[in-house]
Amino acid sequence: MVESQTSPFVTDLQAIRHRVLEHLEEGAFARDAAYTVATTLRLLNDALATEIVCVLRYTHHALSTAGLDSEAVKAEFGQHAREDQEHALRLSERIHTLGGQPDFHPRGLSSRDAHPSGADPHPGDRLRESLLAKRIAIETYRDLLRHFANHDRTTRRLLEDILQQEESHAHDMHAALVAHQRRCSRMN
């Protein structure tokens, strides 16, 4: 059976088409009044800077961690660096999709470092530092999710995916820290 031109769906589709045509100059996405692309781009670029800092931190830790039982810690840092690089790429793609430019300039990175890396080469201290940074990242992503909850489902889903992996990273860091502390206590 073929629906007539007067069915509710066709009427709704025509109304949607009319609304879209009114806001076509806004680009691919129409926004509600409480949501601005400029704010979204700023928030996503802040998240991007955080991920870049994490990539740098974990790469440094993976390359420079030394000492007994350091290979497992180095592998953990290396894996997290690669996964955070993927987060950075996904955030960059979303920024680009929204018509913005991902900000890779170093000037903004130091302000996004939740816990600046010290010169301490001990794996336990690096794991503790990284767990702290992950916990801060988790809270930041939770705040972002609250902001995007009703405004941008695509960005919200992206952030949910990243948050899920950040929570997994925090769990991994905690488990590695506990294992490292046990090894150290057995040696003493």
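Preceding this section is the structure that the text describes.
Residues numbered from 1 in each chain as written. Predicted model: local features only at pLDDT ≥ 70, side-chain atom pairs only at ≥ 80, totals over all residues. Heavy atoms only, no water.

A. Quick peek at the packing of aromatic side chains. Overall, the coordinates contain 1 aromatic pair when judged by the stated rule. In this structure, Arg57 is placed above the aromatic ring of Tyr58, and the distance from its NZ or CZ to the ring centre is 5.9 Å. (Phe/Tyr/Trp six-rings, centres within 6.5 Å; stacked < 30°, edge-to-face > 60°. Lys NZ or Arg CZ within 6 Å of the ring centre and 35° of its normal.)

B. Spotlight on the pattern of salt bridges. As enumerated under the stated definition, the model contains 12 salt bridges in all. Residues Glu160 and Arg156 are paired through a salt bridge, measuring 3.4 Å at the closest nitrogen-oxygen approach. In this pair, Glu160 and Arg156 both sit in helix H5 (residues 153-187), 4 residues apart, roughly one turn of the helix. On the basis of relative accessibility, which here comes to 37%, the residue Glu160 falls in the partly exposed class. (Salt bridge = Lys/Arg side-chain N within 4 Å of Asp/Glu carboxyl O. Helix = DSSP H or I, 4+ residues; strand = E, 2+ residues; numbered from the N terminus. Buried < 20%, exposed > 50% of the residue type's maximum accessible area, 1.4 Å probe, protein only.)

C. Molecular detail of the side chain of His169. Within the secondary structure layout, His169 lies in helix H5. Once residues lying within four places of it in the same chain are set aside, the contact partners of His169 are His80, Glu83, Asp84, His87 and Lys134. (Contact = heavy atoms within 4.5 Å.)

D. Main features of the environment of Leu63. For Leu63, the location among the structural elements is in helix H2 (residues 37-64). Judged by its relative accessible area of 67%, Leu63 falls in the exposed class. Residues Leu63 and Ala75 lie 12 residues apart in sequence; the distance between their C-alpha atoms is 9.5 Å.

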